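A look at the structure
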Amino acid sequence: MAFIQYEVKDMIAVLTIDRPKALNALNSAVLDELDAAISAIDLNTVRALVITGAGERSFVAGADIGEMSKLTKAEGEAFGKKGNDVFRKIETLPIPVIAAINGFALGGGNELAMSCDIRLCSDTAVFGQPEVGLGITPGFGGTQRLARLVSPGMAKQLIYTGRNIKADEALRIGLVNAVYPLEELLPAAEKMAVTIARNAPIAVRACKQAINEGLEVGMDEAIVIEEKLFGSCFETHDQIEGMGCFMSREKPKPKAVFTNN
Ligand code: CO8
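Quick look at the structure, then.

Rules used throughout
Residues numbered from 1 in each chain as written. Predicted model: local features only at pLDDT ≥ 70, side-chain atom pairs only at ≥ 80, totals over all residues. Heavy atoms only, no water. Near = heavy atom within 4 Å. Polar contact = N/O pair within 3.5 Å; in protein donor to acceptor, adjacent residues only side chain to side chain. Helix = DSSP H or I, 4+ residues; strand = E, 2+ residues; numbered from the N terminus. Nonpolar A, V, L, I, M, F, W, Y, C, P; charged D, E, K, R; others polar. Salt bridge = Lys/Arg side-chain N within 4 Å of Asp/Glu carboxyl O. Buried < 20%, exposed > 50% of the residue type's maximum accessible area, 1.4 Å probe, protein only. Pairing = 2+ DSSP bridges. Axes fitted to C-alpha atoms, helices over the stretch in contact; angles between N-to-C directions. Parallel < 35°, antiparallel > 145°, perpendicular 65-115°, else oblique. Left-handed = near helix turned anticlockwise from the far one by under 90°. Contact = heavy atoms within 4.5 Å. Phe/Tyr/Trp six-rings, centres within 6.5 Å; stacked < 30°, edge-to-face > 60°. Lys NZ or Arg CZ within 6 Å of the ring centre and 35° of its normal. 1 Å grid on protein atoms, 1.4 Å probe; cavity = no way out; pocket = protein on both sides within 12 Å on 5 of 7 lines; lining within 4 Å. Points joined across faces, edges and corners; volume = space filled by probe spheres on them.

With that out of the way, let us pick up the site of the ligand. Neighbouring residues of the ligand: 25 residues in total, closest Arg 57, Ala 61, Ala 63, Ile 65 and Gly 108. At 2.7 Å, a backbone N or O of Ala 63 approaches an oxygen atom of the ligand. Only helix H2 (65-68), helix H3 (73-91), strand S6 (104-106) and helix H4 (108-114) provide two or more residues apiece to the shell around the ligand. The dominant element in the shell around the ligand, judged by the number of residues it contributes, is H3, at three residues. Its residues assigned to classes, the shell around the ligand comprises 14 nonpolar, six polar and five charged.

Listed below in C-alpha cells is the structure:
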C-alpha cells in the first residue's frame, strides 16, 4: 500500500496513515487503502489495534481539501459516505482501537480519532473541526460523535466556531484520555494495547460490543444487551481458565488464537 503502513507485533497491530507531505490528509486513495487495511486485519490473532500518523507533526490534517474543492453536491455526499463507512468499520471492529494522536487532528483527522475506542495524544496535538471555515459541515461523523463524546454544548461551540484546541484543553473536555510527550506517545499506546491484549479476548470484545450497542438504545434495552453478552462469556475457554486459575492461584494463559469457545 502507498499510504498505509501496517505492522503486527505479537498480539497487537500498529496502523500508520503515511502521507506526510500532505500532513496525512485523507484523499480517496488513502480512504480506500485504510478500508482495505482494516478489512484485512487478522482478527484471530490481533487483539488490539493502534492507529497513528506518519511523521512528527500530524495525525491526520483532515480530508483532502484539494480533492474536495472540485466536488459536486452528489460527489460530496458520496465522499462523506466513503469516510463514514470506513470510520464506522473502525468503530465497530470487534477488537479495541487506540488512536495515538501525534499532532494535527483536524476535521476528518479528529473524526477518525473519534471513531476509535480510546484517544491518547502528544502534548503537541491540535484538535478542531474547522469545516465551517471551508463552507462545509464536519462530514465524516463529526457532528454526531463529537456531540456524544464531549457535551452537546461543547461540540456545538467547537463546530460553530471552527476554533482549534490544544492537547490540554482536549484532555479537560474529555476528548482524549491522556497526554504524553511526543516521543512517549506511541510506546504508551502500544503498552496499553498489550495490556488489553493480555486480557481474555472474548470478554474484551463483549465489553466493546456491550458499551457501543448499549449507548445506542435506552437503559432497559441496554442492560439486556449486557446480560446476553455477559452470559455468552460462560463456558468459554477464557472464563473457565480465568476463574479456574483464580481459584487455584495460578496465572491464566490467554489462548494464542481467538476462538469463540
Ligand atoms: N488537505 C490537503 N492538503 C493538506 C491538508 C488538507 N486537509 N492539510 C495540509 N495539507 C498540505 C498543505 O497543502 C501543504 O502541502 P504543500 O506543501 O504541497 O503546499 C502541506 O500539507 C503542509 O501544510 P502547510 O504548509 O499548510 O503546513 P502549516 O504548518 O503551515 O499548517 C495546518 C498546518 C494548520 C494543519 C494547515 O495545513 C491546515 O490548516 N490544513 C488544513 C486543515 C483543515 O482545514 N482540515 C479540515 C479539512 S475539512 C475536513 O476534514 C472535512 C471532513 C469531512 C469531509 C466530508 C466530505 C463531504
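Read on for the rest.
To continue, consider the pattern of salt bridges. Taken as a whole, this structure holds 11 salt bridges when the rule is applied. For Arg 88, the salt bridge is made with Glu 91, and the minimal N-O distance between the two is 2.7 Å. One end of the pair, Arg 88, and the other, Glu 91, are both in helix H3, three residues apart, so they sit about a helical turn from each other. Between Arg 163 and Glu 169 there is a salt bridge, with the nearest N and O atoms lying 3.0 Å from each other. Taking relative accessible area as the criterion, Glu 169 reaches 16% and is therefore assigned buried.

Attention shifts here to the sheet that holds strand S8 (residues 126-128). Hydrogen bonds between backbone groups are what pair the strands of a sheet, and the pairing can be parallel or antiparallel. In spatial order, the strands read S4-S6-S8-S9; together these four strands make up an open sheet with mixed pairing. Lying at the two open borders of the sheet, with one neighbouring strand each, are strand S4 (58-60) and strand S9 (165-166). Across three bridges, the pairing between S6 and S8 is parallel. Looking across to S8, one finds that Phe 104 is bridged to Val 126.

Here we take up the packing of helix H5 (residues 142-149) against helix H6 (residues 152-161). With their axes 7 Å apart at the nearest point, H5 and H6 run at an angle of 135° to one another. Considering their axes alone, H5 and H6 lie oblique with respect to each other. Handedness of the crossing formed by H5 with H6: right-handed. Taken together, the residues of H6 that come into contact with H5 (itself represented by Gly 142, Thr 143, Leu 146 and Ala 147) are Pro 152, Ala 155, Leu 158 and Ile 159. In the contact of H5 with H6, the residues fall into six nonpolar, two polar and no charged.

This part takes up the packing of aromatic side chains. Describing an aromatic ring pair means giving the distance of the ring centres and the angle of the ring planes. As enumerated under the stated definition, the model contains three aromatic pairs in all. Where Phe 230 meets Phe 234, the ring centres are 5.1 Å apart and the plane angle is 75°; that geometry is what we call edge-to-face. Looking at Phe 234, the relative accessible area reads 34%, which means it is partly exposed. Among the aromatic side chains, those forming a connected cluster through ring pairs are Phe 79, Phe 87 and Phe 140. Sitting above the plane of the Phe 246 ring, Arg 249 keeps its charged end 5.0 Å from the centroid.

Here the largest pocket is characterised by a volume of approximately 820 Å³. Along the walls of the largest pocket sit 24 residues, with Glu 91, Cys 116, Asp 117, Asn 212 and Leu 215 positioned nearest its centre. Broken down by secondary-structure element, the contributors of at least two residues to the lining of the largest pocket are H3, strand S7 (118-122), H5 and helix H9 (201-215). The element best represented in the lining of the largest pocket is H9, accounting for six residues. Residue composition of the lining of the largest pocket, grouped by class: 10 nonpolar, six polar and eight charged.

Honestly, that's just the spatial picture; any functional story needs more than this.
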